[in-house]
Amino acid sequence: MTAPVQTGTGTRLRRAAAGPASFLRATLAIAAKDLRSEFRTKEALNASLAFSVVILLLFSFAFDPTVEQTRALAGGLLWLVFAFAGALILNRSFARELPNDCLDALVASPVPAPALYLGKTLGNWVLLMLVELASLAVFGIFYNAAWTRRLGALVGVVALGTWALSVVGTLFSALTVNLRLRELMLPLLVYPVLIPVLLGAIQLSGPLAMGEPLAEEAGAWLRLLVGFDVIFTALALALSESALVG
Amino acid sequence: MRVKLIVGCCIAAAVLLARNLYVMLLELPDEVAQGPIFRIIFFHVPAAWTAFAGFVAAAVASALYLVRRDLRYDAFAVAVTEVGLAFAAANLVTGMIWARIIWGIWWTWDARLTSMLVCWLLYAGYLMLRHAVEEPGQRARIAAVFSLLACVDVPIVFFSIRWWRTQHPQPVVWGGGSMDPAYWSMLFLNWIPLLLLGLAMAAIRIGQERRQRELEALRRLAYSL
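Quantities reported herein were computed from a predicted structural model and do not represent experimental measurements.

Trainee: Run through the overall build of chain A, naming residues and quoting values.
Mentor: Scanning chain A for helices and strands turns up 9 helices and 0 strands. Of the regular secondary structure in chain A, the N- to C-terminal order runs α-α-α-α-α-α-α-α-α. Against the 2.2 N^0.38 benchmark of 18 Å for 246 residues, chain A shows a C-alpha radius of gyration of 19 Å, consistent with a compact globule. With the principal axes as the frame, chain A shows a C-alpha extent of 70 × 35 × 30 Å. Classification of the 246 residues of chain A by burial places 50% in the buried group. Across chain A, every contact between residues at least 6 apart in sequence was considered, and the portion connecting residues at least 24 apart equals 82%. On chain A, roughly 11100 Å² of surface is accessible, and the fraction owed to carbon and sulfur atoms is 68%. Each charge class in chain A can be summarised by its mean position, and for the 17 positive and 15 negative side chains these summaries are 11 Å apart.

Spelled out as structure tokens, the structure:
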């Protein structure tokens, strides 16, 4: 670390970056900045939303499912849509910082790398949740599913799965931001890592999206989701300095 | 020194392998239910162990790289990952040959098969990621972060897919499966030549990485003149 800067703003900023309360403040500032800039352009949101509607539509054409088949397919279909549409948002997360060298400025700012990473993750999580809730509504209409009947549980499961998606996705978005094949590499790396989460989330959201109660063994899957979230959040925070700063 | 190590490993592996093959094919009897094909387990299981040993070694080397920032750790990590991937592929292929004869199908979405395939895909992704980055320092850093994530992910993948479904014969280790002691000792005895072979391959690969770095340095020097 450099010696404390004596000018007014410098010291204030550096002091702002120490302690848990200011860590939280820095995290929220980054998340708010990301959300604000996304809501102004809406480019990733619109693309992601349009993409998920197209997949839902194509799926219905491709398999023309009956109610019985929809029940079997719902969880898998939803999470494939979430994962594919999510990649669009996650790709933009760091790519958006490339013009005007914003990424260098962010890294050089007094925000510690874990706070920067967590803020980005939080912002992505909010955006992904918005896209997913909208696709759930579209799914409910297209496939005649009573997805609102167990809305609380469904949103909880989707939130847990999406946290894993944004934790892993944001870290890889940071890693791959300077690569030639960025758009291709991100899903290629993220999906295999996320397989446990996708499995668990599919098992849990399938019945919930059709308005049905969860089976007996659902507790194990829920524990898996929470465990994955905790382990990978800790790991990603520990590695964020290496991933972002170098 | 390095050449002696490689040649020594290879000779030891060849001698042990010849001895093991002799015992395996001529001394050990066929398994009652499965017949002669059962012997594939002496390569199938140790190959998986060797692969996992490689992946764990790669994670340790990756962590060391992130702490020390010495490209030699990176060379070690990529070498053992590639060797591990080769052994994981050997595990998958031998498993498929066995499954074709015993189950009558090449592939089934059973827990262990699926997990090993996911594991293989993860580390294949690691190699693809390396190919996509030009600058050696950046490549080493990105690959190290990914290797650590992958290593933590693999056990979770195995657990989750195990809950999902299972059809594989009870694993001989940590499972209800039982095996004759003669088969058991052969399983471990045959692990030694595979490990030695992996070690020799990794040593060769590390040498290639070092020469590659030297070449790049010379090229940079030539351009700067």
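Picking up where we left off.
Trainee: Please set out the confidence of the model for chain A residue by residue, giving values where relevant.
Mentor: Residue and element names in this part refer to chain A. On average, residues of chain A score 88 in pLDDT, and 93% of them are at 70 or above. Mean pLDDT values over the elements of chain A span from 48, in helix α1 (residues 8–16), up to 95, in helix α6 (residues 113–142). Contacts of residues 1–12 to residues separated by more than four positions or lying in other chains number 5 contacts, the stretch itself having pLDDT below 50.

Trainee: Talk me through helix α3 (residues 71–102) of chain B; I want residue IDs and the actual numbers.
Mentor: Across its 32 residues, α3(B) extends 46 Å between first and last C-alpha, which sits within 8% of the 46 Å expected from 1.5 Å per residue. One or two positions beyond α3(B), positive phi appears at G104(B), with a value near 85 degrees.

Trainee: Requested: an account of the packing of aromatic side chains, with residues and values cited.
Mentor: Applying the stated criterion across every chain yields a total of 18 aromatic pairs over all chains. Taking the centre distance of 6.5 Å and the plane angle of 25 degrees together, the rings of Y126(B) and F146(B) count as stacked. Taken together, the residues span a long stretch of sequence, with Y126(B) in helix α4 (residues 111–132) and F146(B) in helix α5 (residues 136–164) at a distance of 20 residues. The pair formed by Y126(B) and F146(B) is uniform in burial state, with each residue classed as buried. Grouping aromatic residues by their ring pairs yields a cluster made of W49(B), W184(B), F188(B) and W191(B). Looking at K120(A), its charged tip hangs above the ring of F94(A), at a distance of 5.0 Å from the centre.

Trainee: If you had to explain empty space enclosed by the protein to someone new, which residues and values would you point to?
Mentor: Residue and element names in this part refer to chain A. This model, assessed by the stated rule, comprises 1 cavity of 30 Å³ or more. Within this model, the largest cavity holds a volume of roughly 30 Å³. Taken together, A83, A87, L90, L165, L186, P187, V190 and Y191 form the lining of the largest cavity. Elements represented by at least two residues in the lining of the largest cavity include exactly α4 (67–95) and α8 (182–209). For the lining of the largest cavity, the element with the most residues is α8, which contributes 4 residues.

Trainee: Now, about the layout of surface pockets: what can you tell me, with residues and values included?
Mentor: Taken as a whole, the second largest pocket encloses approximately 430 Å³ of empty space. Lining the second largest pocket are 16 residues; nearest its centre among them are Y191(A), I195(A), L198(A), L199(A) and V118(B). Mapped onto the lining of the second largest pocket, the elements with two or more residues apiece are α4 and α8 of chain A together with α4 and α5 of chain B. In terms of residue count, the dominant contributor to the lining of the second largest pocket is α8(A) (6 residues). Residue classes in the lining of the second largest pocket are distributed as 15 nonpolar, 1 polar and no charged.

Trainee: So what about the nonpolar core? Which residues, and what values?
Mentor: Of all hydrophobic cores here, the largest spans 121 residues; its most connected members are F139(A), F172(A), L194(A), F232(A), Y123(B) and F146(B). When residues in this core are grouped by element, the largest group, 14 residues, is from α8(A). Those residues in contact with F172(A) that sit more than four places away from it in its chain are L186(A), L189(A), V190(A), V193(A), F146(B) and L149(B). In this structure, V23(B), M24(B), L28(B) and I41(B) belong to the second largest nonpolar core, which totals 12 residues.

Conventions used here
- Residues numbered from 1 in each chain as written.
- Chains lettered and ligands numbered in written order.
- Predicted model: local features only at pLDDT ≥ 70, side-chain atom pairs only at ≥ 80, totals over all residues.
- Heavy atoms only, no water.
- Helix = DSSP H or I, 4+ residues; strand = E, 2+ residues; numbered from the N terminus.
- Rg over C-alpha atoms; globule rule 2.2 N^0.38 Å.
- Buried < 20%, exposed > 50% of the residue type's maximum accessible area, 1.4 Å probe, protein only.
- Contact = heavy atoms within 4.5 Å.
- Areas by Shrake-Rupley, 256 points an atom, 1.4 Å probe, with all protein chains shown as cover.
- Lys, Arg positive; Asp, Glu negative; His and termini not counted.
- Charge placed at Lys NZ, Arg CZ, Asp CG, Glu CD.
- pLDDT = per-residue confidence, 0-100.
- Expected span 1.5 Å × (residues − 1).
- Phe/Tyr/Trp six-rings, centres within 6.5 Å; stacked < 30°, edge-to-face > 60°.
- Lys NZ or Arg CZ within 6 Å of the ring centre and 35° of its normal.
- 1 Å grid on protein atoms, 1.4 Å probe; cavity = no way out; pocket = protein on both sides within 12 Å on 5 of 7 lines; lining within 4 Å.
- Points joined across faces, edges and corners; volume = space filled by probe spheres on them.
- Nonpolar A, V, L, I, M, F, W, Y, C, P; charged D, E, K, R; others polar.
- Core = buried A, V, L, I, M, F, W, Y, C linked by side-chain atoms within 4.5 Å.

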